[in-house]
Structures are given as structure tokens and as C-alpha cells.
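Per-entry structural report
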Amino acid sequence: MANRRVRLGSRLFFWAMPGLLIALALPSSLRASALLIFNALLGTATWLDARRLLASSIEVTREAPERLYVDNEVEVQLFVKSAASHALDLKIRDEAPDASIIRPDIMTARLRPAQPLRVTYRLLARARGKKRFGNVHVRLQSKLRLAAVDLTILSAYEVRVLPAAFATRGHAERSLRDDRGEVRARLLRAGQSGGELESLREYVAGDALRAVDWKATAKRRHPITRVFQPERSQTLWLVLDASRTMGTALREQDEGGRGARTRFDLALEAALDLAHRALSVGDQVGVLVYAERRIALLPPRRGRTHQRVLIDALTELHPDTVQLDVRGLIAELERKATKRSLIVLFTDLDNESHGQLLADHATLLRRKHITLLVSLDDSITQALANARPEREDEAYLQAAATDQLHERASLSARLKKRGFMVLEASEGRLASAAIGRYLELKTSQRL
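Since the structure is predicted, the reported quantities are computational estimates derived from the model, not experimental observations. (Residues numbered from 1 in each chain as written. Predicted model: local features only at pLDDT ≥ 70, side-chain atom pairs only at ≥ 80, totals over all residues. Heavy atoms only, no water.)

A few points about the overall build of the protein chain
- Check the secondary structure of the protein chain and you find 12 helices and 20 strands.
- Here the protein chain, with 447 residues, has 46% of them falling under the buried criterion.
- In the protein chain, 73% of the contacts between residues at least 6 apart in sequence involve partners at least 24 apart.
- With an accessible surface of roughly 23200 Å², the protein chain has 51% of that area assigned to carbon and sulfur atoms. (Helix = DSSP H or I, 4+ residues; strand = E, 2+ residues; numbered from the N terminus. Buried < 20%, exposed > 50% of the residue type's maximum accessible area, 1.4 Å probe, protein only. Contact = heavy atoms within 4.5 Å. Areas by Shrake-Rupley, 256 points an atom, 1.4 Å probe, with all protein chains shown as cover.)

Right under this line is the structure:
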């Protein structure tokens, strides 16, 4: 279905120029009648051109990826068909999803009779969440270009834009066997004997003596080692701080719109990556997103279906411009986390006020759960503190950076003393560091 609107063509003024020459060349007695005849002919030709364009049947279909990724440019194709018996000159503009860039924004092409046309453009999504392609706008003109017809072809549909990390880490393609194998390898390297017995195998150099099955060794007359896998059905709670400090941009976006990510975006990517790993080895994963109030709550579940639920629910969320209600967050966890769990809180250690409150209330969680606080490190402040000042203002800036790092270290020490494990990592290592700590806790049988 398309809406049509007739306009004057881009060359109508060009075709009207002979009328001006006629007016200048002929005597005044003939000028009026000649102009009248010329205008009548031009008007008739314009009307016939417009009618021909209106009778042209145009079909446009869009082919785009089902899922887009932030800061990852993709190719979108528009396929144009026409039943017209004459060539058409087209200008095409597609309505891109919100917070995205199209290159080029307007495309020109010639559609020949009985020859389908393919038009390609590049699309760069800049924000995650549910987005929507709009309609396709096409301007038709013939070779004469006396008239033009604007078509609005209804082609709106919804797409999902996922965090950039999903495009490079292969979440969907990562197999369960590889993930479980990594956990089993860590378990054997750690020399632990807890968990569920999975199988027996021949002893290899480096196996712990406690893992040797002496009955099987005596029966087969060569060393046999027990292979354990971590206990299933353990619970992991991912808690995301969605207060205003997590809305701080990590860096400014460039001219192409790339790179404008917040601390919350980074924490969300790390949390989803950790959820994927935990679900892959059979654990249950629940999510709580909190700011001044509860923003989202997903009770613990297991399996790939739950992973899709987490992705669909969390990629829509954004931080709020409010302070974190630490007391409300702790109370919510006490109500919802009823069984022993690993609680991973993604927050910002630079916010000293709610960090102190977390330390004050840590004992409420420590009685039942293992608590891990994950925060982005402050590499910028560290660089300022390590710099060699050359001017007075730089010296003051260095002193302020040193004081801030000291306060951050004091807060981290207090949190650890009260029962929190604290993990600080750089932007590029936050997800891998969180996964590594989770695997250490799991293979050490602390969950």
C-alpha cells in the first residue's frame, strides 16, 4: 500500500523557457495567443506525464538483518519492482530506526522496464533497545521530468538492537559443550573433589591425588582419576545499579556516532555475558535492576529460553537520573533471594555515598549469600595521579586525583572487611574478569 502525491517536476522550469523566448521574439500582437497555446501544450504534457506516473505500479521490499548491534555498520537492501512499460528516475529515502545513521540518506537510481532494481545503503545503529524501521519514500519522475509523484510505501516493522559486544563474542554460536568443558578443566586444575561425579579416566600428570579412585585403580591395575563436574542448580543473582552515576558516559561519541557508551551499558554487557556462561553450565540466573525503586525483576530460571528472556528484557533498560536506594535494594534482595546464591552487584565505586551504605548493610547479605561487587576501575584518575605536573594547576589536579584514589581504596577495603568481594577491571576486561571470578567460586565449591 502506498500514498501518492503529485508535484511539479524538476525540469518544468527548463521546459517553460521556450515560452519566454517566444514572448521576446514575436511581435506584441501575436505574443498573447502564442503564449496561450504554448502554456496549454505544456500544461497538457505535464498532466499526461503526471497521469502516466500515477499509473505506474511500484513495489519496494526491504531486506535487513533481524538483529542489529550498536556501533556495527550493516548493509540494508531495498528491492524495487515496477510493471511500468517506461523507465523511471527514482529518489529513495528510507526511514531509519531511531538513533541510527544512514549512508547515503537519499539514493538515486533509474528503474528500467521489467528489470528489478536493488538499492543498497549502510546503517549504523547507535543505541540498543527495540527500534523501528519506518516507511520508504520514493519520488518518481519520467525522462521529461515535467511532473513528479511522491510515494510513501508502508513498510514499518520492529527490530532489536543489541549491545556491541554481542556481535563479536559469538553468544548465540558458543556451544554448551565448550562452556562445560572449560568449567571441568578449571575444576581438575584446582584439584577439587566436590560436585557431581561425571566419569572415570586414566590418570595424567598433574591430577590431584585426592581425585584418584583407588578401587578402580586396584581393579584395572593402573591409576584412574575421578572426573567431577560442578553441582547443578546453583543460583546466580545479577544486580544492576541503574542510578544516575551509571549513566555517566565513558567517552564522547565520534563524528560517525560511534563509541558513546555509558557505565550502565558496559555493566549490562558484562552481566549478560556472565548470565550466558552460568546458564550454559546449568545454573539458575535471576536479575534485579534497581535505582530509586525496582526497575526490573526476573526470577531465577535456567536454560537457553531464559537467556533469550534476559536479552529481550534487559536491552530495553536505561539508567535513571536518581540516587540509588541502597536500603530498598537490600530489602528487595532479602525478599527475593530466598536460597543461598552468588549475588553479583554491578555498580560504581566512585559513588562514595551509596558505597558506604552498601558496606553498612553488607552483613544482611553475608549471612546467607556470597556477594561480589563489580566496578569499572578509574584508569583516568589513576593516570592523572601518576602524571608529572609542570604547572600549578596540574599539581592541584594531581593532588585531587590522589585523594580520590585514596577514598576509593578506603571504600573498597571497608566493603571487603564487611563481607563483599570487590572486583575492579578496565573497560575491555570487565566481562571476562567477572566470568573468571564466577568460575573460580564455582569450581572451588563455595556456592
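Further notes follow.
A few points about helix α2 (residues 28-54)
- Helix length check: α2 (27 residues) gives 39 Å between terminal C-alpha atoms against 39 Å at 1.5 Å per residue, within 8%.
- Of the positions making up α2, those classed as buried are Ala34, Phe38, Leu42, Thr46, Asp49, Ala50 and Leu53. (Expected span 1.5 Å × (residues − 1).)

What about the packing of aromatic side chains?
- Under the defined criterion, the tally for this structure stands at one aromatic pair.
- Arranged with centres 5.4 Å apart and planes meeting at 35°, the rings of phenylalanine 133 and tyrosine 157 form a pair that is tilted. Separated by 24 residues along the polypeptide, phenylalanine 133 in strand β9 (residues 129-133) and tyrosine 157 in strand β12 (residues 157-162) bring together distant segments of the chain.
- Since its relative accessible area comes to 27%, tyrosine 157 is described here as partly exposed. (Phe/Tyr/Trp six-rings, centres within 6.5 Å; stacked < 30°, edge-to-face > 60°.)

A look at the nonpolar core
- Counting residues in each nonpolar core, the largest one holds 49 residues, and the members touching the most others are Leu238, Val289, Val344 and Phe346.
- When residues in this core are grouped by element, the largest group, 11 residues, is from helix α6 (residues 263-280).
- Sequence-distant contacts of valine 289, defined by excluding residues within four places in its chain, comprise Leu240, Ala242, Phe264, Arg294, Ile295, Ala296, Leu314 and Leu317. (Core = buried A, V, L, I, M, F, W, Y, C linked by side-chain atoms within 4.5 Å.)

Topic: the sheet that holds strand β17 (residues 294-301)
- Taken together, the six strands give an open sheet; going across it, the order is β17-β16-β15-β18-β19-β20, and neighbouring strands pair in mixed fashion. Sheet topology places β17 and β20 (421-425) at the edges, where each strand pairs with a single neighbour. The average angle at which neighbouring strand axes cross in this sheet is 15°, direction not considered.
- Here strand β19 (residues 370-376) pairs with β20 via five bridges, running parallel. Its bridge partner being in β20, leucine 373 is matched across the sheet by valine 422.
- Relative to the sheet, α6 contacts β15 (235-241), β16 (284-290), β17, β18 (342-347) and β19, its axis offset from that of β15 by approximately 170°. (Pairing = 2+ DSSP bridges. Axes fitted to C-alpha atoms, helices over the stretch in contact; angles between N-to-C directions.)

Quick notes on the confidence of the model for the protein chain
- When pLDDT is averaged along the protein chain, the result is 81, and 86% of the positions lie at 70 or above.
- Taken element by element, the predicted model of the protein chain shows its lowest mean pLDDT in helix α4 (residues 176-190) (46) and its highest in β16 (95). (pLDDT = per-residue confidence, 0-100.)

Some words on unusual backbone geometry
- Cis geometry is adopted by the peptide bond preceding proline 104, which originates at arginine 103 and carries an omega value of -10°.
- Along the chain, the position of proline 104 falls in the loop between β6 (100-103) and β7 (107-111).
- Even without glycine at this site, aspartate 71 takes up a positive phi of about 65°.
- At arginine 145, a position not held by glycine, the phi torsion is positive, near 55°.

Let's talk about a nonpolar patch on the surface
- There is a patch of nonpolar side chains on the surface, built from Phe13, Met17, Leu20 and Leu24 and spanning about 450 Å² of accessible area.
- Structurally, the position occupied by phenylalanine 13 is in helix α1 (residues 12-25).
- Look at phenylalanine 13 and you get exposed, because its relative accessible area is 66%. (Patch = residues over 30% accessible without salt bridge, like charges linked within 9 Å, V, L, I, M, F, W, Y side chains within 5 Å. Salt bridge = Lys/Arg side-chain N within 4 Å of Asp/Glu carboxyl O.)

Re the sheet that holds strand β3 (residues 67-69)
- Pairing is mixed in the open sheet, where three strands are placed in the order β3-β12-β9. Both outer strands of the open sheet, β3 and β9, are each paired with one neighbouring strand and no more. Mean inter-strand twist for the sheet, computed between neighbouring axes without regard to direction, equals 40°.
- As judged from the five bridges shared by β9 and β12, these two strands associate in the antiparallel manner. Looking across to β12, one finds that glycine 129 is bridged to valine 161.

What about the pairing of β16?
- Buried residues dominate β16, accounting for seven of its seven residues.
- The pairing of β15 with β16 spans seven bridges and is parallel. If you follow aspartate 241 over to β16, its bridge partner there is tyrosine 290.
- Direction of pairing for β16 relative to β17: antiparallel, over a ladder of five bridges. In the strand pairing of β17, valine 289 is matched with alanine 296.
- Taking the residues between adjacent antiparallel strands as the criterion, β16 and β17 are bridged by three residues.

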